[in-house]
Amino acid sequence: MPLARLVSAPSVLNISDLRRAARRRLPRVVFDYVDGGAEAETTLRANPSIYDEVLFRPRAAVAAPRASLETTVLGTRLALPFLLAPVGSTRLLFPKGECEAARAAGAAGTGYILSTLAGTRLEEVKAATTGPCWYQVYLVGGREVASAAIERARAAGYGALVLTVDTAISGLRERDHRNGITELLGANPFAKLRYGWQFLCRPRWLVRYLSDGGLMQFPNVVLPDGPMRYAAVGKALEQSVVTWQDLAWIRELWKGPMVIKGILTADDGRRAVDEGADAVVVSNHGGRQLDGVFPSLRALPEIVAAVGGRTEVLMDGGIRRGGDILKALLLGARAVLIGRAYAWGLGAAGGAGVSRAIEILTADLHRTLRLLGCGSLSELDPSMIELPVGFERARRPLAALSTGSMRSEVGAGVALNEAG
Ligand SMILES: Cc1cc2nc3c(=O)[nH]c(=O)nc-3n(C[C@H](O)[C@H](O)[C@H](O)COP(=O)(O)O)c2cc1C
């Protein structure tokens, strides 16, 4: 069956359907690697559910023709107000998964962010897409190893560097351990056998995985003895925390736009801007790092209020519908990143699945905008959402409007229960 058929309507109508399709195709350990979060998965669950607390207030009886979703991020025009987030090890999901995802993003007119922990050479990924590519940096392997990758990213034409600052150590992803990740990556063949059934249950995935060379390495983390091996990643992350002090030497090396990803408080937002960030990403790493931390949408207004006038604010976490994206834009994000939404698509059907994820969210955006009574993103108005008590609005212009005609201040539209 052609891959696109696996993710077509009516079996796949939304991102949850794509998740189910990925679960059917992937071995459990691989599916859970994408799907899971840290510890009790409290933040993982809170990230998507917080959107339910923010309610729309539409304008009725307005004829809104289908219009452009274009926006500008770091001076680059994008056809859509979302980009594909850095997701490590996507080559486990589908052969050359990074190229498949980048190509699908480019075809839709948006950008792709390549993780340091990719299984494909960064030059090959850049060549696979017609869209913008950014490179996400972890300092795995140390400063020299990271410098070499940054230099390669510059030479290959990556447009921005994304420094992820929420990974002082890898979060405890309990599902991975229960599924035998340690044993599967270890040297004891008897221990591996106990968990090997997961792969035999997914023969179609297994054939593709083996034809792609089996367990990936990290070709953009080149250590003195060659690309970093998969089993080394946990330890390497532990030794590779990015600190504010690192920003200075990275700035020397990289003259293009720099994005700081993993900001959750106003103080850190201000610090990032003071250290020269051209954009920040409000993110809790999709609930994979510090469990019990705010859902990202909850942290967004505080950061927009603190630094939105000085830098571009992006956000990610829990986005499963186009309406979620509009809520983030209404709270002051310039654009958002999607992680699992496209990774599930990749796991379900390769590039066709990523394209389907993008198509679903794009159709949602068009439909929801028109139901709100808006002809374009620039018509979004802060009065179009109602926030729960304690959910502060940022008192500054909406990012999505700041290049267009600004009609009212965020916060000017008074939400009912905000007053209460
Ligand atoms: C399987 C997986 C791997 C990830 N790997 C990285 C990574 O290598 N670097 C990074 O900065 N963020 C990484 N993230 C976090 C994403 O960039 C993004 O912040 C998160 O997925 C957003 O939440 P969402 O999945 O609910 O959309 C990863 C997320 C997932 C699900």
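Quick caveat: nothing in here was measured; it's all calculated off a predicted structure.

Novice: How do you make sense of the overall build of the chain when you look at a structure like this?
Specialist: Helices and strands together make up the secondary structure of the chain, namely 18 helices and 14 strands. Projected onto its principal axes, the C-alpha positions of the chain cover 65 × 50 × 40 Å. Relative to its 420 residues, the chain shows a buried fraction of 59%. The contacts of the chain with a sequence gap of at least 6 include a subset with a gap of at least 24, amounting to 72%. Approximately 17000 Å² of the chain is accessible, and the part contributed by carbon and sulfur atoms is 54%.

Novice: Can you walk me through unusual backbone geometry in this structure?
Specialist: Excluding glycine, residues mostly have negative phi values, and the peptide bonds linking residues are mostly trans. Backbone torsion omega between alanine 9 and proline 10 reads 5°, so that peptide bond is classified as cis. Summarising the element assignment, proline 10 is placed in the loop between α1 (3-6) and α2 (15-25).

Novice: Would you mind going over empty space enclosed by the protein with me for this structure?
Specialist: Unfilled space is identified by rolling a water-sized probe across the atoms. All chains considered together, the criterion is met by four cavities of 30 Å³ or more. Volume-wise, the largest cavity comes out at about 50 Å³. Counting residues per element, the lining of the largest cavity draws most heavily on helix α7 (residues 143-156), at four residues. Here the lining of the largest cavity is built from residues that sort into nine nonpolar, two polar and no charged. As a volume, the second largest cavity reaches approximately 40 Å³. Forming the boundary of the second largest cavity are Arg25, Arg91, Leu92, Leu93, Phe94, Pro95, Trp205, Arg208, Tyr209 and Asp212. With three residues, helix α11 (residues 203-211) is the largest single contributor of residues to the lining of the second largest cavity. Looking at side-chain class alone, the lining of the second largest cavity contains six nonpolar, no polar and four charged residues.

Novice: Looking at this structure, how should I read the pairing of strand β12 (residues 312-316)?
Specialist: Regular strands place side chains that alternate from one sheet face to the opposite one. Judged by how many residues are buried, β12 sits mostly within the fold: five of five residues are covered. Here β12 shows a buried face lined by Glu312, Leu314 and Asp316 and a second buried face lined by Val313 and Met315. Sheet topology note: the strand β11 (residues 279-282)/β12 ladder contains four bridges and is parallel. Within β12, the residue paired with valine 282 across the bridge is methionine 315. With helix α15 (residues 296-307) bridging β11 and the parallel β12, this β-α-β connection has right-handed handedness. Across three bridges, the pairing between β12 and strand β13 (residues 335-338) is parallel. What sits directly across from methionine 315, in β13, is valine 336. With helix α16 (residues 322-330) bridging β12 and its parallel neighbour β13, the resulting β-α-β unit is right-handed.

Novice: Mind showing me how you'd approach the layout of surface pockets here?
Specialist: There is about 1100 Å³ of room inside the largest pocket. Residue lining of the largest pocket: 47 residues in total, with Tyr33, Ser170, Arg173, Asp176 and Arg288 positioned closest to the centre. The set of elements that each furnish at least two residues to the lining of the largest pocket consists of α3 (28-35), α8 (174-178), α9 (181-185), α12 (233-238), β13 and α17 (340-372). For the lining of the largest pocket, the element with the highest residue contribution is α12, accounting for five residues. Its boundaries defined by the atoms lining it, the second largest pocket holds a volume of some 460 Å³. Lining of the second largest pocket is provided by 22 residues; of these, Ser16, Arg19, Pro48, Arg320 and Trp344 occupy positions nearest its centre.

Novice: Please clarify how the pairing of β13 should be interpreted in this entry.
Specialist: Residues Ala335 and Leu337 line one face of β13 and the alternating positions Val336 and Ile338 line the opposite face, and both faces are buried. Here three bridges tie strand β4 (residues 82-84) to β13, and the two strands are oriented parallel to one another. Each residue of the ladder has a partner; that of leucine 84, found in β13, is isoleucine 338.

Novice: Explain α16 here, please?
Specialist: In an α-helix, one full turn covers 3.6 residues, which means residues spaced three or four apart are oriented alike. In terms of burial, α16 is a largely internal element, nine of the nine residues being buried. Among the residues of α16, Gly322, Gly323, Asp324, Ile325, Leu326, Lys327, Ala328, Leu329 and Leu330 are the ones counted as buried. Following α16 by one or two positions, glycine 332 has its phi on the positive side, about 110°.

Novice: Would you explain the site of the ligand in this entry?
Specialist: The full set close to the ligand counts 21 residues, and Pro86, Ser115, Thr164, Asp316 and Gly318 are the nearest of them. Between the ligand and the protein, one listed contact pairs a nitrogen atom with a backbone N or O atom of glycine 88 at 3.0 Å. At 3.4 Å from an oxygen atom of the ligand is found a side-chain nitrogen or oxygen belonging to serine 283. Surface burial for the ligand is 98%, taken as the share of its 600 Å² of free accessible area covered by protein chains. Judged by the fraction of its atoms near the pocket grid, the ligand is located in the largest pocket. In the shell around the ligand, the residues fall into six nonpolar, 10 polar and five charged.

Novice: Is there a simple way to think about the environment of isoleucine 263 in this case?
Specialist: Residue position: isoleucine 263 is located in strand β10 (residues 258-263). A relative accessible area of 0% places isoleucine 263 in the buried class. Separated by 141 residues in the primary sequence, isoleucine 263 and leucine 122 place their C-alpha atoms 25 Å from one another. Apart from residues no more than four positions distant in its own chain, isoleucine 263 is found in contact with Val165, Trp244, Asp268, Gly269, Ala272, Val280, Val281, Val282, Ser283 and Ile303.

Novice: So what exactly am I meant to see when it comes to the packing of aromatic side chains here?
Specialist: Aromatic ring pairs: the centre-centre distance and the angle between the two ring planes describe each pair. Applying the stated criterion to the full structure yields four aromatic pairs. Judged by centre distance (6.0 Å) and plane angle (80°), the ring pair of tyrosine 135 and tyrosine 158 falls under edge-to-face. Residue tyrosine 135 is found in strand β6 (residues 133-137), and its partner tyrosine 158 is found in the loop between α7 and β7 (160-164); the two are separated by 23 residues along the sequence. Among the residues examined, tyrosine 135 registers a relative accessible area of 1% and is labelled buried. Here the aromatic residues Phe199, Trp205 and Tyr209 are joined through ring pairs into a cluster of three or more. Its guanidinium or amino end placed over the ring of tyrosine 33, arginine 288 lies 5.1 Å from that ring's centre, counting from NZ or CZ. When the ring centre of phenylalanine 56 is taken as origin, the NZ or CZ atom of lysine 327, which lies over that ring, is 4.9 Å away.

About the criteria used
- Position numbers for residues count from 1 along each chain, tracking the sequence in the order it is written.
- Selection of residues for local features in this predicted model requires a pLDDT of at least 70, selection of side-chain atom pairs for listing and counting requires 80 or more, and totals for whole chains, interfaces and linings are taken over all residues.
- The basis for every side-chain value is the complete set of non-hydrogen atoms in the structure, without hydrogens or water.
- Note on conventions: DSSP H or I runs of at least 4 residues are helices, E runs of at least 2 residues are strands, and numbering of each starts at the N terminus.
- Exposure classes here rest on a 1.4 Å probe applied to the protein chains alone. A residue is buried below 20% of its type maximum, exposed above 50%, and partly exposed in between.
- By definition in these notes, contact holds between two residues if any of their heavy atoms fall within 4.5 Å.
- All accessible areas in this document rest on Shrake-Rupley with a 1.4 Å probe, and a residue is counted as covered only by the protein chains that are shown.
- Space inside and on the surface of the protein is sampled on a 1 Å grid over the protein atoms alone, with a cavity defined as a set of points where a 1.4 Å probe fits but cannot get out and a pocket as an open set with protein on both sides within 12 Å along at least 5 of 7 lines; lining residues have an atom within 4 Å of a point.
- Grid points are joined across faces, edges and corners, and a volume is the space filled by probe spheres set on the points.
- The residue classification treats Ala, Val, Leu, Ile, Met, Phe, Trp, Tyr, Cys and Pro as nonpolar and Asp, Glu, Lys and Arg as charged. All others, Gly included, are polar.
- Paired strands, as defined in this entry, are two strands with at least two bridges between them according to DSSP.
- Here the term right-handed applies to a crossover when the path leading from its first strand over the helix to its second strand runs clockwise, the strands being oriented away from the viewer.
- For this purpose, a residue is taken to be near a molecule or strand whenever a single non-hydrogen atom of the residue falls within 4 Å of it.
- Within 3.5 Å is the distance limit for a polar contact, defined as a pair of N or O atoms, with the added protein rule that one can donate a hydrogen and the other accept it, and that residues adjacent in sequence qualify only through two side-chain atoms.
- Occupancy of a cavity or pocket is assigned to a molecule whenever over half of its atoms lie within 2 Å of that pocket's grid points.
- Note on ring pairs: Phe, Tyr and Trp rings are taken, using the six-membered ring of Trp, and paired if centres are within 6.5 Å. Classes follow the plane angle, with under 30 degrees stacked, over 60 edge-to-face and the rest tilted.
- Lysine NZ or arginine CZ positioned within 6 Å of the ring centre and within 35 degrees of the ring normal marks a charge as sitting over the ring.

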